[in-house]
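# Report on the structure
Residues per chain, in single letters:
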Amino acid sequence: MGKPTGFIEIERKKPATRPVEERLRDWREVYVPTDPQALRDQASRCMDCGIPFCHQGCPLGNLIPTWNDLVYRDRWRTASDRLHATNNFPEFTGRLCPAPCEASCVLGINDAPVTIKATEVAIVDRAFAEGWIAARPPARRTGKHVAVVGSGPAGLAAADQLNRAGHAVTVFERADRIGGLLRYGIPAFKLEKRVLDRRLALMAAEGVVFRTRAHVGIDVTADDLLSDFDGVVLAGGAAAPRDLRIAGRDLRGIHFAMDYLTAQNRRSEGDELSAGEYVSAAGRQVVIIGGGDTGADCLGTALRQAAAAVRQLEVMPRPPDARTSGNPWPEWPQIFRVSTAHEEGGERLFSVSTEEFLGDGHGRVRALRARRLDRVTVEGRPILQPVAGSDFELPADLVLLAMGFTGAERGGVLDQLGVRMTERGTVWRDDAWMTSVPGVFAAGDMQRGQSLIVWAIADGRSCARGVDAYLMGESELPAPV
Ligand SMILES: Cc1cc2nc3c(=O)[nH]c(=O)nc-3n(C[C@H](O)[C@H](O)[C@H](O)COP(=O)(O)OP(=O)(O)OC[C@H]3O[C@@H](n4cnc5c(N)ncnc54)[C@H](O)[C@@H]3O)c2cc1C
Ligand code: SF4
């Protein structure tokens, strides 16, 4: 523990963001780097608890008190080593993780938690800037070949671990660029793609082979994989979107959030998109259906595209501002959250259900009819009930559906392999991360359902251990989950 009185003397200070009017004019990251002295002060608030609940809060088991102490002592390089011991990609989690570690920080019981996530990203960014992170190909190769299907954080973490264990890894990605949702889902204002490219260049230099535009199930068959590789990891995500099949759904101007976000991300990468491919919110009345993080990403994107107005609808009631007695520490706080996109503008409506899309007479959406909901208790269970006479119309000439995902995309490689599925629409796997097909493993959202980057990395690490043990009879790779 660096400074025994740090948590008494120093207040939590959130990392700074660029001014809203400046960031709405570009696609660069919203946060600005924190200066080293401020980081040192924040790290010194860590109490190095006897039982560090933050370890349990972090799915990767990141050694948080250890690197807080090292930052306080100005030992950044060692801090980077300790961080990379448990996390392949701290530059992604340090930018994008909702930080369940902070929700379980002991200081959070009666004070503000330590700014763990900000320290994490500062350590890894400094390590890259100082040149401490360099390609380290494995000293020995095992002669075994592994195919990873999907290049999101789960596939990348599995590939990184298996390559370190000496296996020859090929990552197959159907898109034209590597990265999964890191590349085409998450907007650049949350993760600039140079951060992703920097890590991918390192992995390639260490021997991981990336094959883009390689749709397994179409360009490459499951039989090809089974005959050419000793092991296969399925990490194709859970991208089947939840639809809203109500009257007017077929009107033009209603899009899935992921299609909208992908087009903007492609454009930010410099791709030329046709008018049909690229959907712009410029001058439009935008309604986003779904109050979650994907919806917030659409909101930030629409504001940057100069929408006339943006409204985000959520069917659930507005959460409370602080924890309730039924949601105590160290549980994840079910509270009202304001993302950086919400700071930038737009309006949020809670307890609203969309009933119908209304057309303009020429096949385009012009508005939607919605209804207010009330939470009532029936036979001891809370339900949402329509409020009589509460129907109202909202102008909408661009509607974005951001209501979550229903599981792995069916058909294709999953059918060709004949893997067993769960009732939740995810790929079934055993405790060693193997699917019902011998030698075929699964990691990330494809077997968990839509989740978080930190879980995808943790899954990829654990799955790699399962694959390594299958190929070699034993494994020294870590398994955080
Ligand atoms: C818009 C959006 C924003 C998000 N923001 C955050 C955030 O800020 N923080 C956070 O923690 N989480 C966030 N998430 C969730 C997070 O991105 C996912 O949980 C995570 O990316 C899952 O990783 P994955 O590797 O399992 O799958 P994915 O990232 O979905 O990657 C799967 C990849 O597999 C490829 N693929 C699929 N099938 C095949 C095939 N047959 N052949 C070849 N390739 C194939 C796909 O093209 C894709 O590239 C967000 C999700 C969305 C949709
Ligand atoms: S990965 Fe997420 S939970 Fe783990 S230390 Fe980083 S911010 Fe916290």
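Just so it is clear, the model here is predicted, and its values are computed rather than measured. (Residues numbered from 1 in each chain as written. Chains lettered and ligands numbered in written order. Predicted model: local features only at pLDDT ≥ 70, side-chain atom pairs only at ≥ 80, totals over all residues. Heavy atoms only, no water.)

### Examining the overall build of the protein chain
- Scanning the protein chain for helices and strands turns up 19 helices and 14 strands.
- Buried residues in the protein chain amount to 51% of all 481 residues.
- A sequence separation of at least 24 residues applies to 67% of the contacts in the protein chain between residues at least 6 apart.
- Accessible surface, the protein chain: about 21400 Å² in total, of which carbon and sulfur atoms supply 50%. (Helix = DSSP H or I, 4+ residues; strand = E, 2+ residues; numbered from the N terminus. Buried < 20%, exposed > 50% of the residue type's maximum accessible area, 1.4 Å probe, protein only. Contact = heavy atoms within 4.5 Å. Areas by Shrake-Rupley, 256 points an atom, 1.4 Å probe, with all protein chains shown as cover.)

### Points about the site of ligand 1
- Taken together, the neighbourhood of ligand 1 is formed by 36 residues, with Leu 96, Glu 173, Lys 190, Val 216 and Asp 445 sitting nearest.
- Measuring from an oxygen atom of ligand 1, one finds a backbone N or O atom of Pro 153 at 3.3 Å.
- At a separation of 3.4 Å, an oxygen atom of ligand 1 approaches a polar backbone atom of Leu 452.
- Expressed as a share of its isolated accessible area of 1000 Å², the protein-covered part of ligand 1 is 93%.
- Of all the elements in the fold, those that place two or more residues in the shell around ligand 1 are α10 (153-164), α14 (257-268), α15 (293-304) and α19 (453-472). (Near = heavy atom within 4 Å. Polar contact = N/O pair within 3.5 Å; in protein donor to acceptor, adjacent residues only side chain to side chain.)

### A look at the layout of surface pockets
- Estimates place the volume of the second largest pocket at around 350 Å³.
- Of all the secondary structure elements, the ones that give two or more residues to the lining of the second largest pocket are α6 (76-84), α10 and α12 (193-205).
- Of the residues that constitute the lining of the second largest pocket, the class distribution is six nonpolar, three polar and six charged. (1 Å grid on protein atoms, 1.4 Å probe; cavity = no way out; pocket = protein on both sides within 12 Å on 5 of 7 lines; lining within 4 Å. Points joined across faces, edges and corners; volume = space filled by probe spheres on them. Nonpolar A, V, L, I, M, F, W, Y, C, P; charged D, E, K, R; others polar.)

### Structural notes on the nonpolar core
- Membership of the largest hydrophobic core comes to 66 residues, with the highest contact counts inside it found for Phe 92, Leu 182, Val 233 and Val 467.
- By residue number, the principal contributor to this core is α19, which donates nine residues.
- Formed by 21 residues, the second largest nonpolar core is a distinct cluster that contains Val 216, Val 437, Ala 442 and Met 446. (Core = buried A, V, L, I, M, F, W, Y, C linked by side-chain atoms within 4.5 Å.)

### With respect to the pattern of salt bridges
- Inspection of the entire model under this criterion finds 37 salt bridges.
- Between Glu 347 and Arg 311 there is a salt bridge whose closest N-O contact spans 3.3 Å. Placement of Glu 347 in strand β8 (residues 347-349) and of Arg 311 in strand β7 (residues 309-313) is noted, with a sequence separation of 36 residues between them.
- For Glu 347, a relative accessible area of 40% translates into the label partly exposed.
- For Arg 311, a relative accessible area of 16% puts it in the buried group.
- Put simply, Arg 448 and Asp 459 hold a salt bridge, and the shortest N to O gap is 2.6 Å. Taken as a pair, Arg 448 in helix α18 (residues 445-448) and Asp 459 in helix α19 lie far apart in primary sequence, eleven residues in all. (Salt bridge = Lys/Arg side-chain N within 4 Å of Asp/Glu carboxyl O.)

### Quick word on the site of ligand 2
- With respect to spatial proximity, the complete set of residues near ligand 2 consists of Cys 58, Asn 62, Ile 64, Thr 93, Cys 97, Ala 99, Pro 100, Cys 101, Ile 116, Lys 117, Glu 120 and Val 454.
- At the level of secondary structure, the elements contributing two or more residues to the shell around ligand 2 comprise α8 (100-103) and α9 (116-130).
- Of all the elements, α9 adds the most residues to the shell around ligand 2, at three residues.
- Looking at the shell around ligand 2 residue by residue, the class counts come to eight nonpolar, two polar and two charged.

### Looking at the sheet that holds strand β14 (residues 440-442)
- Taken together, five strands build an open sheet; the order of strands is β3-β2-β1-β4-β14 and the sheet is parallel. Among the strands making up the open sheet, the edge pair consists of β3 (209-211) and β14. Pairwise comparison of adjacent strand axes, ignoring direction, gives a mean angle of 20° for this sheet.
- Where strand β1 (residues 145-149) and strand β2 (residues 168-172) come together, five bridges link them in parallel fashion. By the bridge assignment, Val 146 is partnered in β2 with Val 169.
- In this fold α19 packs onto β1, β4 (231-234) and β14, with an angle of close to 165° to the strand it touches most, β14. (Pairing = 2+ DSSP bridges. Axes fitted to C-alpha atoms, helices over the stretch in contact; angles between N-to-C directions.)

### Some details on the sheet that holds strand β6 (residues 285-289)
- With respect to topology, five strands assemble into an open sheet ordered β5-β13-β6-β7-β8, the strand pairing being parallel. Two strands in the sheet have a free side with no partner beyond their single neighbour: β5 (254-256) and β8. Neighbour-to-neighbour, the strand axes of the sheet open up by a mean angle of 20°, direction not taken into account.
- Pairing of β5 with strand β13 (residues 398-401) involves three bridges; the strand directions are parallel. Of the residues in β13, the one forming a bridge with Ile 254 is Val 399.
- Most of the contacts of α14 go to β5, to which it runs at about 80°, and overall it touches β5 and β13.
- Here α15 sits on the sheet in contact with β6, β7 and β13, set at roughly 175° to β7.

### Observations concerning the packing of helix α5 (residues 64-72) against α9
- At a closest axis distance of 11 Å, the pairing of α5 and α9 adopts a crossing angle of 65°. Like other packed secondary-structure pairs, α5 and α9 cross with a definite hand, here left-handed. Where α5 abuts α9, its residues Ile 64, Trp 67, Asn 68 and Val 71 lie against Ile 116, Thr 119, Glu 120 and Ile 123.
- In the contact of α5 with α9, the residues fall into five nonpolar, two polar and one charged. (Left-handed = near helix turned anticlockwise from the far one by under 90°.)

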